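Now for the letters of each chain:
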Amino acid sequence: MKFFQFPLLGTRAISEFVPAHDAILEPIDLEDNISAGDWVYERDSVPKITTEFWYHSTSQIWFKVERNTGTNQIYRAEVLRE
Amino acid sequence: MSMRLLKYAFIEDYAEDNWFNTPCDLKATYDVVIIGAGGHGLACAHYLAQDHGITNVAVLDSSYIGGGNTGRNTTIIRSNYLTPDGVKFYDQSIKLFKDLSCELDTNIFFSERGHYTLAHNTSTLRTARWRAEVNKHLGIKSEVVSPDEVLRACPEIQLDCGGSQAVEGALYHEPGAVARHDAVAWGYAKSASGRGVEIHQHTPVTGINTDSQGISEVVTPKGVIKTRTVLSAVAGQTPSITKMVGVKTPIEIFPLQACVTEPIKPWLNTIIVSGSLHMYLSQSSRGELVMGAALDPMELHSRRSTFEFVTGLCDQVLDLFPFLSGVKINRQWAGMADMTPDFAPIMGMTPVKGFFLDSGWGTWGFKATPISGKTMANTIATNLNDPLIQSFNLDRFKNFNLVGEKGAAAIGH
Ligand SMILES: Cc1cc2nc3c(=O)[nH]c(=O)nc-3n(C[C@H](O)[C@H](O)[C@H](O)COP(=O)(O)OP(=O)(O)OC[C@H]3O[C@@H](n4cnc5c(N)ncnc54)[C@H](O)[C@@H]3O)c2cc1C
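Being a predicted model, the structure only gives us computed values, none of them experimental.

## Let's talk about helix α2 (residues 39–52) of chain B
The periodicity of an α-helix, 3.6 residues per turn, causes residues three or four places apart in sequence to face the same way.
Residue and element names in this part refer to chain B.
In step 1: The end-to-end C-alpha distance of α2 is 19 Å, a good match for the 20 Å that 14 residues give at a rise of 1.5 Å each.
In step 2: Among the 14 residues in α2, 11 count as buried, and that is most of the element.
In step 3: What α2 keeps buried is the set Gly39, His40, Gly41, Leu42, Ala43, Cys44, Ala45, His46, Tyr47, Leu48 and Ala49.
In step 4: Directly after α2, the chain includes glycine 53, whose backbone phi takes a positive value near 65°.

## Quick look at the packing of aromatic side chains
All names here are of chain B.
In step 1: Evaluation of the coordinates by the stated rule reveals 21 aromatic pairs over all chains.
In step 2: Judged by centre distance (6.0 Å) and plane angle (15°), the rings of phenylalanine 97 and phenylalanine 110 are stacked. One end of the pair, phenylalanine 97, is in helix α3 (residues 84–104); the other, phenylalanine 110, is in the loop between α3 and β4 (111–112), and 13 residues separate them in sequence.
In step 3: On the accessibility criterion, phenylalanine 110 (22% relative accessible area) is partly exposed.

## Some thoughts on the pattern of salt bridges
In step 1: The final tally for this structure, using the stated rule, is 17 salt bridges over all chains.
In step 2: Notably, a salt bridge pairs aspartate 38 of chain A with lysine 398 of chain B, separated by 2.8 Å at the nearest N-O pair. On the criterion of chain membership, the pair formed by aspartate 38 of chain A in helix α1 (residues 36–41) and lysine 398 of chain B in the segment after α9 (369–382) is interchain, its members lying in two chains.
In step 3: Residue class for aspartate 38 of chain A comes out buried when judged on its relative accessible area of 12%.
In step 4: The shortest N-O distance in the salt bridge between glutamate 52 of chain A and arginine 67 of chain A comes to 2.8 Å. With glutamate 52 of chain A in strand β4 (residues 49–56) and arginine 67 of chain A in strand β5 (residues 61–68), the pair connects residues that are 15 residues apart, well separated along the chain. Accessibility classification places glutamate 52 of chain A together with arginine 67 of chain A in one group, the buried group.
In step 5: Because the salt bridges share partners, they merge into one network encompassing Arg286, Glu288 and Arg331 of chain B.

## Some details on the site of the ligand
Residues and elements named next belong to chain B.
In step 1: Surveying the vicinity of the ligand reveals 37 residues, the closest of which are Asp61, Asn69, Thr70, Thr74 and Lys367.
In step 2: Within the backbone of histidine 40, an N or O atom sits 2.9 Å from an oxygen atom of the ligand.
In step 3: Between phenylalanine 366 and the ligand, the recorded distance is 3.0 Å, taken from a backbone N or O atom to an oxygen atom.
In step 4: Compared with its free state, where it exposes 1,000 Å², the ligand has 97% of that area covered by protein.
In step 5: Of all the secondary structure elements, the ones that give two or more residues to the shell around the ligand are α2 and β14 (252–261).
In step 6: Looking at which element gives the most residues to the shell around the ligand, the answer is β14, with 3 residues.
In step 7: Looking at the shell around the ligand residue by residue, the classes come out as 15 nonpolar, 19 polar and 3 charged.
In step 8: Split by domain, the shell around the ligand shows at least three residues from each of two domains, domain 1 (28–72 + 182–251 + 342–408) and domain 2 (113–177 + 252–338).

## Focus: the nonpolar core
Residue and element names in this part refer to chain B.
In step 1: Ile34, Leu42, Leu48 and Phe89 are the most contacted members of the largest nonpolar core, which totals 62 residues.
In step 2: If you list the elements that add at least two residues to this core, you get β1 (32–35), α2, β2 (57–60), α3, α6 (181–194), β14, β18 (329–339) and α9.
In step 3: The dominant element in this core, judged by the number of residues it contributes, is α3, at 8 residues.
In step 4: Residue contributions to this core reach at least three from each of two domains, namely domain 1 (28–72 + 182–251 + 342–408) and domain 2 (113–177 + 252–338).
In step 5: For leucine 48, the contacting residues outside a window of four places in its chain are Val32, Ile34, Gly53, Ile54, Val57, Ala377 and Ile380.
In step 6: Counting residues in hydrophobic clusters, the runner-up holds 28 residues, among them Val150, Ile157, Cys259 and Leu289.

## Here we look at the domain arrangement of chain B
Residues and elements named next belong to chain B.
In step 1: As far as domains go, chain B holds domain 1 (28–72 + 182–251 + 342–408) and domain 2 (113–177 + 252–338).
In step 2: The gap between the C-alpha centroids of domain 1 and domain 2 is 30 Å.
In step 3: Both faces considered, domain 1 and domain 2 share a buried interface measuring about 1,200 Å² in area, 50% of it formed by carbon and sulfur atoms.
In step 4: The interface formed by domain 1 and domain 2 contains 0 salt bridges.
In step 5: Summed over the shared surface of domain 1 and domain 2, the number is 7 residue pairs in polar contact (both at pLDDT 80 or more).
In step 6: Looking at the side of domain 1 that touches domain 2 residue by residue, the class counts come to 6 nonpolar, 11 polar and 1 charged.

What counts, and at which threshold
- Residues numbered from 1 in each chain as written.
- Chains lettered and ligands numbered in written order.
- Predicted model: local features only at pLDDT ≥ 70, side-chain atom pairs only at ≥ 80, totals over all residues.
- Heavy atoms only, no water.
- Helix = DSSP H or I, 4+ residues; strand = E, 2+ residues; numbered from the N terminus.
- Expected span 1.5 Å × (residues − 1).
- Buried < 20%, exposed > 50% of the residue type's maximum accessible area, 1.4 Å probe, protein only.
- Phe/Tyr/Trp six-rings, centres within 6.5 Å; stacked < 30°, edge-to-face > 60°.
- Salt bridge = Lys/Arg side-chain N within 4 Å of Asp/Glu carboxyl O.
- Near = heavy atom within 4 Å.
- Polar contact = N/O pair within 3.5 Å; in protein donor to acceptor, adjacent residues only side chain to side chain.
- Areas by Shrake-Rupley, 256 points an atom, 1.4 Å probe, with all protein chains shown as cover.
- Nonpolar A, V, L, I, M, F, W, Y, C, P; charged D, E, K, R; others polar.
- Domains from an automatic or database assignment.
- Core = buried A, V, L, I, M, F, W, Y, C linked by side-chain atoms within 4.5 Å.
- Contact = heavy atoms within 4.5 Å.
- Buried area = accessible area lost by both parts, 1.4 Å probe.

Given below as structure tokens:
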């Protein structure tokens, strides 16, 4: 089982979290170079370091997690604020 | 005992011919370069040679034949999909599978077992009815059956499922089958190789060059190859290959795990799938129970399997089959599934001239091996998308024209 030190929660098993997808920003102008379809669906799913939103359902806290999708190493987790 | 076996035992220099050629060096040019010696790449090579006479073909693999998802899958073959496009496509695949042992002169152990998708609540029962109606309309044998009929086919099943999620019915699909995955890859490799196709194992593609006319070169550590046609059939590594040519796709990679038990006496003559319990199982010809679950929850480019997977899966399997509690797990493994948003493949031509894609096979691509090979070979030979794969083209995402097969996925994702 894989554990990580989360702020507020302490050491938790990562299986306790519901991972959402990459934190992709809203595009400023869809008309410019990409279509809405491209923005919704295009992914760059190669091994890389990425930032994701993870939800911890028992505490109802969202986290922003930096993780390597090639090695599954987690570098950082911070509480997601508006 | 067959004479052939006796010859192996008693005559020292009696040996069967090699199944595949082992070419030394890469040639400078090929008409077609296929990246990936999994079932799909090798099937395409076979049909290019057999149906279209195109044999100046190299199949390159960074690892060994069938070492990707082909050799890691749980080999369930079925055509009870939800969309007419999906149903027609997979039905053609089953038809090819049925004659494949003869066509390839290799026993692929194709075994029709029937396939039960259990429904534990009203909403899954509703999807089962929907699938059954679409299937029947297209001439595919599927029907919704009662819990009693499930019990008749599999008397060992505990229909009350430990008391919490009783089985309320099932979608029964008579053509559901299993086959030996390695044999499918080896059979296609043998046939393609016998027709002059070169299979270069341990030859990773590290770059693809283009010029004003489209694809121009494929780069490998063993040398640079000139070609105008490349097929990417690399499943879990698709995003790395498409990146080389600047083609963007919605594919995301998630690990998918499976395991087998120790061999036990034959008792399970059908295939049992439960989406609600996130599990499925069948019994192999060796007696092992072949079992799988849902995808791992996070994008990950790794084939490490986990302890949580086995414990979680066994927990669910024991709800349906408590008598298996003393049976041991023998092996477990993982593959990398190339998932698409609509659970349908991405096949055919791409915006880059000469670059063809056979991808997006996720958790469901083994059953498509023959038909994807055949339709991709036809697409490459004619430079036109085969009619059977038209709706699986990459441009459907740009146009919001998705196929919608998620409801027919074997297990909840
Ligand atoms: C655990 C598990 C269970 C499954 N169960 C089922 C099932 O029951 N039924 C079903 O229909 N499907 C199932 N699937 C899905 C199925 O296995 C795949 O969709 C299918 O095997 C894909 O075949 P392929 O030939 O496209 O890819 P693969 O067999 O993965 O072959 C791709 C090849 O490309 C090679 N490669 C990658 N990158 C490069 C490179 N840069 N250069 C050269 N070569 C490269 C790899 O080494 C590999 O050999 C399952 C998958 C998994 C992981």
